[in-house]
Amino acid sequence: MPNILDIRRRIRSVTNTRQITKAMKMVSAAKLRRAQERALAARPYAQMLVNVLKSLVSRVEIYDPVTGEPRHPLLAQRPENDVLLIVVTGDKGLAGAFNTNILKAALRFLQTKEGKNIEIETIGRKGRDFLRRRYPTSEPEKSGPEKSESQERPAIAIVGEQVGVLNKVDYAMASELAGRVIDRYSNGEIDSVYLLYNEFKSMIAQRLIVEQVLPIEQIGEAAVRQAEEMGLKEKKQALEAAREAGVGIRPADTREIDAAAAKFATAPVDYIYEQPPEELFRSLLPKYVGIQIFRALQESVAAEHAARMTAMDAATNNATDMIDSLTLAMNRARQAKITKEIIEIVSGAAAQ
Amino acid sequence: MADTFQLEIVTPEKMVVRDVAEEMQIPGKNGYLGVLPGHAPVITELAVGEISYRKGSETHYLAVAWGFAEVLPERVVILAETAERPEEIDVKRAQESKQRAEERLKSGSTEIDFTRAEDALQRAESRLQVAAKKQFQSARS
């Protein structure tokens, strides 16, 4: 028979755990709200940038009329030999399957690119830890006969990592990363760039996607190469958690600002271009890559907080269930003890 | 003709200004542009510099670094990589980066370093300029 004291101790400990998970849930909810706001605040800029680029496309001959070659290096399609994959995960755990799902998707993506040289840039501590362990960086200097094993496999190397930047995603960081990627792409060191992250449209509209960043195929449209919707069960859980934490399912209404942004540079007039459109186009295209990475980071951060909030909501519910069943067990044990004592007294009295 | 125009200044991080203005100055890449209501439609790239716009008797200043602007007769929209109001500028940091950039320019190393340092110097200078405007304003009032 379980000891009442032991059960009582368990209940106390589970109650403490529940308090922590509850607090974490509320913190994540607050952070999620902020992340959502910031993601929304970035939308007009992205939209306007796309508009200008689109209107420039019609004025600039992107493709050489004679050879059909794209004039801008970022549009050039090359046979894909060297691939760069940017994986965006979280810095911290305790976010349910958030990081695991991303890393699983990353491995699946790597399989589809088997046989090519793959370089990985990780953003977020979790992704770095996992991928570093899986693909330990082999020093090129030491590539002697003892390293033959690594030569058989297609080379997968981790070329960069950004850890601890997710706390405060700023455009400068995204633009710096984009600059680096663009340089390497234009130099021909890499032939394509993919971005793997958790897209976040709202609490219940999230996808794990692999987006092709370079070469740019169609301006204003994400070239999604691999996508996973969230399951029905996950959606339900997320909804539940959002309701309890008081987070809006739909982000704040920004239709007016969005509509204004959509009008940008699309007025049916003949603009005077201070610079030749071609020049403008050239300086804008890299910014487009930067804003794409920036948006991915912001959405990933929002998704991470959402995942953590959902996970902590589930943990809190589980703790409550556990407390209930433990309390029941404790009451039963106490009742059993009392009954036993009464039987002892009664049988004692009857024996006299 | 209306005597004001809509003004929006947007950065990747947020919408900085959403206001009505009577006149403004934009640091275009080929030189400063003065804009009054009814301006011909223009699209231009921005240089590092300061934007100023007047609304009634108040004049506002912002330090911007790279971006571009769309001017329409009744609307001006500016996309800037950074746009800071005077009160947001960290004067000490700007001064430090100005000093750093100047030193780098004096040392006279390779080409890439040179353009980057020059950029940094320009950014720092425009920030300081805008920040000074704020002090001037507050001294007057």
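Because the structure is a prediction, the values reported are computed rather than measured.

Student: Would you take a moment to explain the overall build of chain B for this structure?
Tutor: In terms of regular secondary structure, chain B is built from two helices and eight strands. Scanning chain B from its N terminus toward the C terminus, one meets helices and strands in the order β-β-β-β-β-β-β-β-α-α. Considering chain B as a whole, with its 141 residues, one finds that 46% of them fall into the buried category. Considering only contacts in chain B between residues 6 or more positions apart, those separated by 24 or more positions represent 52%. Within the structure as shown, chain B displays about 7,300 Å² of accessible surface, and the carbon and sulfur contribution to it stands at 47%.

Student: Please explain helix H1 (residues 91-107) of chain B as it appears in this structure.
Tutor: Along an α-helix, residues three or four apart share an orientation, since each turn contains 3.6 residues. Residue and element names in this part refer to chain B. The end-to-end C-alpha distance of H1 is 24 Å, a good match for the 24 Å that 17 residues give at a rise of 1.5 Å each. Among the residues making up H1, those that are buried are Ala94, Ser97 and Ala101. Projected down its long axis, H1 shows its buried positions confined to an angular sector of 70°, all on one face. Along H1, the residues that are exposed and aim more than 90 degrees away from the buried face are Lys92, Glu103, Lys106 and Ser107.

Student: Help me understand the layout of surface pockets, please; the structure alone is not making it clear to me.
Tutor: Quantified by volume, the largest pocket comes out at close to 2,100 Å³. Contributing to the lining of the largest pocket are 47 residues, with Ala172 and Ser175 of chain A together with Glu81, Thr82 and Arg123 of chain B lying nearest its centre. Elements supplying a minimum of two residues to the lining of the largest pocket: helix H6 (171-186) and helix H9 (277-351) of chain A together with strand E5 (42-46), strand E7 (58-72), strand E8 (75-84), H1 and helix H2 (111-140) of chain B. Top element by residues in the lining of the largest pocket is H6 of chain A. It accounts for nine residues. When grouped by side-chain class, the residues that make up the lining of the largest pocket number 18 nonpolar, eight polar and 21 charged. Residue contributions to the lining of the largest pocket reach at least three from each of two domains, namely domain 1 (5-86) and domain 2 (89-140) of chain B.

Student: Help me understand the sheet that holds strand E2 (residues 117-123) of chain A, please; the structure alone is not making it clear to me.
Tutor: The strands making up a sheet associate through backbone hydrogen bonding, with each pair oriented either parallel or antiparallel. Residues and elements named next belong to chain A. Pairing in this open sheet of six strands is mixed, and the strands run E3-E2-E1-E4-E5-E6 from one edge to the other. In the strand order of this sheet, the two ends are held by strand E3 (156-162) and strand E6 (223-229), each with one partner. Taken pair by pair, the neighbouring strands of this sheet meet at an average axis angle of 20°, ignoring direction. Here six bridges tie strand E5 (residues 205-214) to E6, and the two strands are oriented antiparallel to one another.

Student: Explain the packing of aromatic side chains here, please?
Tutor: The way to describe two aromatic rings as a pair is by their centre distance and the angle between their planes. With the rule as written, the count across this model stands at three aromatic pairs over all chains. Here the aromatic residues Tyr45, Tyr171 and Phe294 of chain A are joined through ring pairs into a cluster of three or more.

Student: Honestly, the domain arrangement of chain B in this entry has me stumped. Any pointers?
Tutor: It is common to give the size of an interface as the accessible area lost on bringing the parts into contact. All names here are of chain B. Under the domain assignment, chain B is made up of domain 1 (5-86) and domain 2 (89-140). With 13 residues of domain 1 at the contact, the number on the domain 2 side is 11 residues. When the two sides are added together, the surface that domain 1 and domain 2 hide from each other amounts to roughly 1,000 Å², 60% of it contributed by carbon and sulfur. The largest share of the area that domain 1 buries against domain 2 comes from Val48, Glu50 and Pro86, three residues that together contribute 51% of it. For the pair domain 1 and domain 2, the interface holds zero residue pairs in polar contact (both at pLDDT 80 or more). At the level of elements, strand E6 (49-55), E7 and E8 are the ones that each hand at least two residues to the side of domain 1 that touches domain 2.

Calculation notes
Residues numbered from 1 in each chain as written. Chains lettered and ligands numbered in written order. Predicted model: local features only at pLDDT ≥ 70, side-chain atom pairs only at ≥ 80, totals over all residues. Heavy atoms only, no water. Helix = DSSP H or I, 4+ residues; strand = E, 2+ residues; numbered from the N terminus. Buried < 20%, exposed > 50% of the residue type's maximum accessible area, 1.4 Å probe, protein only. Contact = heavy atoms within 4.5 Å. Areas by Shrake-Rupley, 256 points an atom, 1.4 Å probe, with all protein chains shown as cover. Expected span 1.5 Å × (residues − 1). Arc of directions from axis to C-beta. 1 Å grid on protein atoms, 1.4 Å probe; cavity = no way out; pocket = protein on both sides within 12 Å on 5 of 7 lines; lining within 4 Å. Points joined across faces, edges and corners; volume = space filled by probe spheres on them. Nonpolar A, V, L, I, M, F, W, Y, C, P; charged D, E, K, R; others polar. Domains from an automatic or database assignment. Pairing = 2+ DSSP bridges. Axes fitted to C-alpha atoms, helices over the stretch in contact; angles between N-to-C directions. Phe/Tyr/Trp six-rings, centres within 6.5 Å; stacked < 30°, edge-to-face > 60°. Buried area = accessible area lost by both parts, 1.4 Å probe. Polar contact = N/O pair within 3.5 Å; in protein donor to acceptor, adjacent residues only side chain to side chain.

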